Amino acid sequence: MFDVTVAPAQAPLDAEPAREPRAYEALVREIGEDGACEVRDVFWSETRARLQLFRTLSLAQHHARIAREAHSLKSAAGTFGYVRLAALALRLEKTAEGLDEAEFSALLDLMDAADAAARAQEPQV
């Protein structure tokens, strides 16, 4: 007979929490509140710029750069506990070469929404 391996079903990315607060708390323990706040501000600034950059790059011509930028975003988002944004960035990193323009645009829309959701969950200081 046939041996078939079935990959486990992936949970929808919108089921991921937008923000895991314990990640930021761990960062505060490591570098202090002021340092963590400064680093997070830089993250938000760079994330906004990176999401805008994705919209200006041609997928066909720049898929390697898009994958590198997505990798950087994934790592940074994970550091701060932005789980959904990190998962979407990972998806872009792994699939950039094979996406068509419509899929790329849809993924960027999801990333923008994940960014907005994570920001909305930030405590108001």
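Along every chain, residues carry numbers that run from 1 in the direction the sequence is written. With the structure being a predicted model, the display of local features is reserved for residues of pLDDT at least 70 and the display and counting of side-chain atom pairs for 80 or more, all residues being used for whole-chain, interface and lining totals. Hydrogen atoms and water are omitted, and side-chain values are computed over all heavy atoms in the structure.

1. A word on the overall build of the protein
Quick reminder of the rule: In this text, helices come from DSSP runs of H or I with a minimum length of four residues, and strands from runs of E with a minimum of two, each type numbered from the N-terminal end. Residue burial is assigned from relative accessible area. The probe radius is 1.4 Å, only protein chains are included, and a residue is buried under 20% of its type maximum, exposed over 50%, and partly exposed in between. Residue contacts are defined here by distance: any two heavy atoms, one from each residue, within 4.5 Å place the two residues in contact. Here the accessible surface of atoms and residues is derived via Shrake-Rupley with a 1.4 Å probe, and residues count as covered only by protein chains that are part of the display.
If you tally the helices and strands in the protein, you get 4 helices and 0 strands. Counting helices and strands in the order they occur from the N terminus, the protein gives α-α-α-α. Burial statistics for the protein: of 125 residues in total, 34% are counted as buried. Sequence separation of at least 24 residues holds for 65% of the intrachain contacts in the protein that already meet a minimum separation of 6. Per element, the accessible surface of the protein, about 7,800 Å² overall, is 54% carbon and sulfur.

2. Regarding the packing of aromatic side chains
Given two aromatic rings, their pairing is described by the distance between the two centres and the angle made by the two planes. Condition: Working definition: rings of Phe, Tyr and Trp (its six-membered ring) pair if their centres are within 6.5 Å, and the pair is stacked with planes under 30 degrees apart, edge-to-face with planes over 60 apart, and tilted otherwise. Whether a charge sits over a ring comes down to the Lys NZ or Arg CZ being within 6 Å of the ring centre and within 35 degrees of the ring normal.
Enumeration according to the criterion identifies 5 aromatic pairs in this entry. A centroid spacing of 5.0 Å and a plane angle of 55° characterise the contact between Phe-43 and Trp-44, whose relative ring orientation is tilted. Ring plane angle 45° and centroid distance 4.7 Å describe the contact between Trp-44 and Tyr-82, whose orientation is recorded as tilted. In this pair, Trp-44 is assigned in helix α1 (residues 21-56) and Tyr-82 in the loop between α2 (59-80) and α3 (83-95), connecting sequence segments 38 residues apart. According to the relative accessible area criterion, Tyr-82 is buried, its value standing at 1%. Through successive ring pairs, a cluster of aromatic residues spans Phe-43, Trp-44, Phe-80 and Tyr-82. The residue whose ring lies beneath Arg-40 is Tyr-24, and the NZ or CZ to ring-centre distance is 4.1 Å.

3. A word on the confidence of the model for the protein
Close inspection of predicted coordinates is inappropriate for parts of the model with low pLDDT. How we decide: A residue's pLDDT is simply how confident the predictor is in it, with values from 0 to 100.
Looking at the protein as a whole, the pLDDT averages 86, with 84% of positions reaching at least 70. Predicted confidence for residues 1-11 stays below pLDDT 50, and this span has 0 contacts to residues more than four positions away or in other chains.

4. Some words on the packing of α1 against helix α4 (residues 101-120)
We apply this condition: In this analysis an axis means a line fitted to C-alpha atoms, helices contributing only their contacting stretch, and an angle means the value between N-to-C directions, from 0 to 180 degrees. Oblique is the label for any angle not under 35 degrees, not over 145, and not in the 65 to 115 range, which are roughly parallel, roughly antiparallel and roughly perpendicular in turn. In this scheme, a crossing is called left-handed if the near helix is turned counterclockwise away from the far one by less than a right angle; it is called right-handed if the turn is clockwise.
The N-to-C vectors of α1 and α4 enclose an angle of 165°; their axes lie 10 Å apart at closest approach. In terms of orientation, α1 lies roughly antiparallel with respect to α4. Seen along the crossing, α1 lies across α4 with a hand that is left-handed. Residues Trp-44, Thr-47, Arg-48, Leu-51, Phe-54 and Arg-55 of α1 form the contact with α4, whose participating residues are Phe-104, Ser-105, Leu-108, Asp-109, Met-111, Asp-112, Asp-115, Ala-118 and Arg-119.

5. With respect to a negative patch on the surface
How we decide: Patches were defined on residues exceeding 30% relative accessible area and lacking a salt bridge, with like-charge contacts within 9 Å and nonpolar side-chain contacts (Val, Leu, Ile, Met, Phe, Trp, Tyr) within 5 Å. Salt bridges are defined by distance alone: a side-chain nitrogen of Lys or Arg within 4 Å of a carboxyl oxygen of Asp or Glu. The sign given to each residue is positive for Lys and Arg and negative for Asp and Glu; His and the chain ends receive no count. Charge placement uses NZ in Lys and CZ in Arg. For Asp and Glu, CG and CD serve respectively.
Together, Glu-33, Asp-34, Glu-38 and Asp-41 give the surface a local cluster of negative charge. Inspection of the secondary structure puts Asp-41 in helix α1. Asp-41 sits in the partly exposed class, given a relative accessible area of 46%.

6. What to know about the environment of Ala-113
Relative to the helices and strands, Ala-113 is located in helix α4. For Ala-113, a relative accessible area of 42% gives the class partly exposed. Note: C-alpha distance between Ala-113 and Ala-18 (95 residues apart in sequence) is 9.6 Å.

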